[in-house]
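# Survey of secondary and tertiary structure
Single-letter residue listing:
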Amino acid sequence: MTQALTAAYEKTAEAKSAKVEMTMKSPAALGGGGTMKMSGTMGWDPTVMDMTMTGSALTAGDPDAPENIRMVWQDDVMYMDMGAAAAKDMDGKRWMKMDLGALAKQSGDEKLTRQMTGSLDSMNQDPAQQIAVLLDSPNLKHIGSATVDGVKTQHYKGKLTVDEMMKSNDSLKVLGESERSQLLKNVKKAGIKDYDTELWVNEDDLPVRLDVTMDSAQGAVDISEKFSDYGAAVKVDVPPASQTFDLMDMLAELGEGAGSGV
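The structure contained in this document is the topic of the report that follows.

How each quantity is defined
Residues numbered from 1 in each chain as written. Predicted model: local features only at pLDDT ≥ 70, side-chain atom pairs only at ≥ 80, totals over all residues. Heavy atoms only, no water. Axes fitted to C-alpha atoms, helices over the stretch in contact; angles between N-to-C directions. Helix = DSSP H or I, 4+ residues; strand = E, 2+ residues; numbered from the N terminus. Parallel < 35°, antiparallel > 145°, perpendicular 65-115°, else oblique. Left-handed = near helix turned anticlockwise from the far one by under 90°. Contact = heavy atoms within 4.5 Å. Nonpolar A, V, L, I, M, F, W, Y, C, P; charged D, E, K, R; others polar. Buried < 20%, exposed > 50% of the residue type's maximum accessible area, 1.4 Å probe, protein only. Pairing = 2+ DSSP bridges.

Where helix α1 (residues 2–15) meets helix α7 (residues 127–135), the closest approach of the two axes is 8 Å, and the angle between their N-to-C directions is 160°. In this view, α1 runs roughly antiparallel relative to α7, as classed from their interaxial angle. The way α1 lies across α7 gives a crossing that is left-handed. Every residue of α7 that contacts α1 at Thr2, Leu5, Thr6, Ala8, Tyr9, Thr12 and Ala13 is listed here: Pro127, Ala128, Ile131, Ala132, Leu134 and Leu135. Here the contact of α1 with α7 is built from residues that sort into 10 nonpolar, three polar and no charged.

Given below as structure tokens:
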């Protein structure tokens, strides 16, 4: 079983890209909750994406929010098309630019940084890394064969505690010891105890579907991803600077306004 999943990890890492359909459902107690769907192409090592997001979670509590948001990601910089309403308020610029590296470095506020980038964790974890994390599950099980969307697969399941997930997650290794400790405390404070992961792998040793359920004090968060067309080219057309507004600049202006009593 471990050998089969190791082969899946190696093949997935080698593929470097795929078409992805993701659905995330969260309870109302978490920021209004609802359902968010994403579809498009994703590459990993390095991370690159061109995805479109839709669903009730985008518009929760904001009648002016766009019904769908296109997101492109390249070189650790993410651009989100916020729609015509945003353009009216931002001198005709509809694309919000988020330089994730600069955001983490310059904000100096760990909590703010996590709030703004935390929802991106699931997007930023390529399927190869998720398989690697699953391999660390102490109670990994082979459920048996199953057919997913007409494709023959082998079905695996595992559970990791928060501590085990934190230890296995390579994307968190950039954090210092104190930052990791604080993040672990915050996750546990939110009531998240463990992560249930289910994986379906086809006959070519490539993931077809990956489901993760996180149980929290506010209710369960369910993330389901479907993968196809491995090796698909991910061509990202970054919007021109004339159409973008920088989130860091906007935060800085807000900070200056607050400091001057405006």
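The next subject is the pairing of strand β9 (residues 194–202). Of all the nine residues making up β9, eight are buried; the element is thus mostly covered by neighbouring parts of the structure. In the sheet, strand β8 (residues 151–161) pairs with β9 via nine bridges, with the strands oriented antiparallel. Looking at the pairing, Thr161 lines up with Asp194 of β9. Two strands pair when backbone bridges link them, and β9 and strand β10 (residues 207–216) are joined in this way by seven bridges, in the antiparallel orientation. The residue of β10 that forms the bridge with Tyr195 is Met214. Connecting β9 to the antiparallel partner β10 that follows it, the hairpin turn spans four residues, and Asp205 within it adopts a positive phi of roughly 65°.

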